[in-house]
Amino acid sequence: GDTFDIHGGGVDNIFPHNECEIAQSEAAHGQAFARYWMLVGSLTRDFGCLQASVHRFDSDQNGLIRLAHAGLVGQTPPEGIPMGDGFVGATAAELLGRDLAAVDLEPQTQVSMDVQGVIMLCPLVAAQQFLGLLHIILPHNLADDYLYTRVPMTLAHHVAMAFHAADLATGA
């Protein structure tokens, strides 16, 4: 078709490469070039994550679908995760049943002995809707700092807002 669902982007691109690509392609074609821009490679390059992946609910909210990933392949959650399955699925199931207006959303964490780091799941929330999870694995030396500075939660918010804007633009 004329539009990509997901554009992976390049990890070697610096600002404003992607912004220029969006503007040029949309001006040339008169429509959105891609529904989602998943620049997860910058999480591993710029933020020191060992692994980063973005997961969104399937259409029936019975599970999560991995949209993009970068970093350690052996530590990446599977492409499809049923609700309640493992750390990722159980976290999604718990958050899906909560009143988002009544809670302070914090990342869920779990120690990863495989890589001597911390798995962090950051909820993707926009317009009081839980859309999915940002899954990252941080080396142990960065985990405490990132929990304190909330950098992963800020990134998750940006991803959620991009999903929300794309959904509004397409009527999804």
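What comes next is a walk through the structure. Bear in mind that the values here come from a model prediction, so they are computed numbers and not experimental data.

### Considerations on the pairing of strand S6 (residues 108–112)
The pairing of S6 with strand S7 (residues 117–126) spans 5 bridges and is antiparallel. Pairing of Val-111 across the sheet is with Val-118, part of S7. Where S6 folds back on S7, the antiparallel hairpin that results is connected by 4 residues, among which Gln-116 adopts a positive phi of roughly 50°.

### A few points about the pairing of strand S3 (residues 51–57)
Counting buried residues along S3, 7 of its 7 residues qualify, which places the element largely inside the surrounding structure. Residues Gln-51, Ser-53, His-55 and Phe-57 point to one face of S3 and Ala-52, Val-54 and Arg-56 to the other, with burial holding for every one of them. Here S3 pairs with strand S4 (residues 63–71) via 7 bridges, running antiparallel. Bridged to Phe-57 within S4 is Leu-64. Joining the antiparallel neighbours S3 and S4 is a turn of 5 residues, in which Gln-61 adopts a positive phi near 55°.

### As for the nonpolar core
In terms of nonpolar packing, the biggest core is built from 31 residues, with Leu-64, Leu-124, Phe-130, Leu-133, Leu-134, Ile-136 and Leu-138 touching the most fellow members. Of all the elements in the fold, those that place two or more residues in this core are S3, helix H3 (86–96), S7, strand S8 (129–139), helix H4 (140–149) and helix H5 (151–170). With 7 residues, S7 is the largest single contributor of residues to this core. Those residues in contact with Leu-133 that sit more than four places away from it in its chain are Ser-53, Val-54, His-55, Leu-64, Val-88, Ala-92, Leu-95, Leu-121, Cys-122, Pro-123 and Leu-124.

### Quick notes on the sheet that holds S3
Within a sheet, neighbouring strands are paired by backbone hydrogen bonds and run either parallel or antiparallel to one another. Here 6 strands make up an open sheet; going across it, the order is S5-S4-S3-S8-S7-S6 and the pairing antiparallel. Each edge of the open sheet is held by one strand with a lone partner, namely strand S5 (80–82) and S6. Averaged over all pairs of adjacent strands, the angle between strand axes in this sheet comes to 25°, irrespective of strand direction. Here S4 pairs with S5 via 3 bridges, running antiparallel. Its bridge partner being in S5, Ile-65 is matched across the sheet by Gly-80. Strand contacts of H3: S3, S4, S5, S6, S7 and S8, with the helix running at about 145° to S8, the strand carrying the most contacts. Those strands touched by H5 are S3, S4, S7 and S8, and its axis lies near 35° from that of S7.

Each value, and the rule that gives it
- Every chain is numbered on its own, with residues counted from 1 as its sequence reads.
- Since the coordinates come from a predicted model, pLDDT governs what is reported: local features require at least 70, and pairs of side-chain atoms require 80 or more to be given and counted, while whole-chain, interface and lining totals use all residues.
- Side-chain measures here rest on the full set of heavy atoms in the structure, leaving out hydrogens and waters.
- Here, a strand pair is defined by DSSP locating no fewer than two bridges between the strands.
- By the criteria applied, helices consist of DSSP H or I runs no shorter than four residues and strands consist of E runs no shorter than two, each listed in order from the N terminus.
- Only protein chains enter the calculation, and the probe is 1.4 Å; a residue is then buried if its accessible area is under 20% of its type maximum, exposed if over 50%, and partly exposed in between.
- Within this scheme, the nonpolar core is defined by two criteria: the residues are buried Ala, Val, Leu, Ile, Met, Phe, Trp, Tyr or Cys, and they are joined through side-chain atoms within 4.5 Å.
- Contact definition: two residues touch when any of their heavy atoms are within 4.5 Å.
- Axis angles are defined between N-to-C directions and span 0 to 180 degrees, where every axis is a line fitted to C-alpha atoms and, for a helix, only to the segment in contact.

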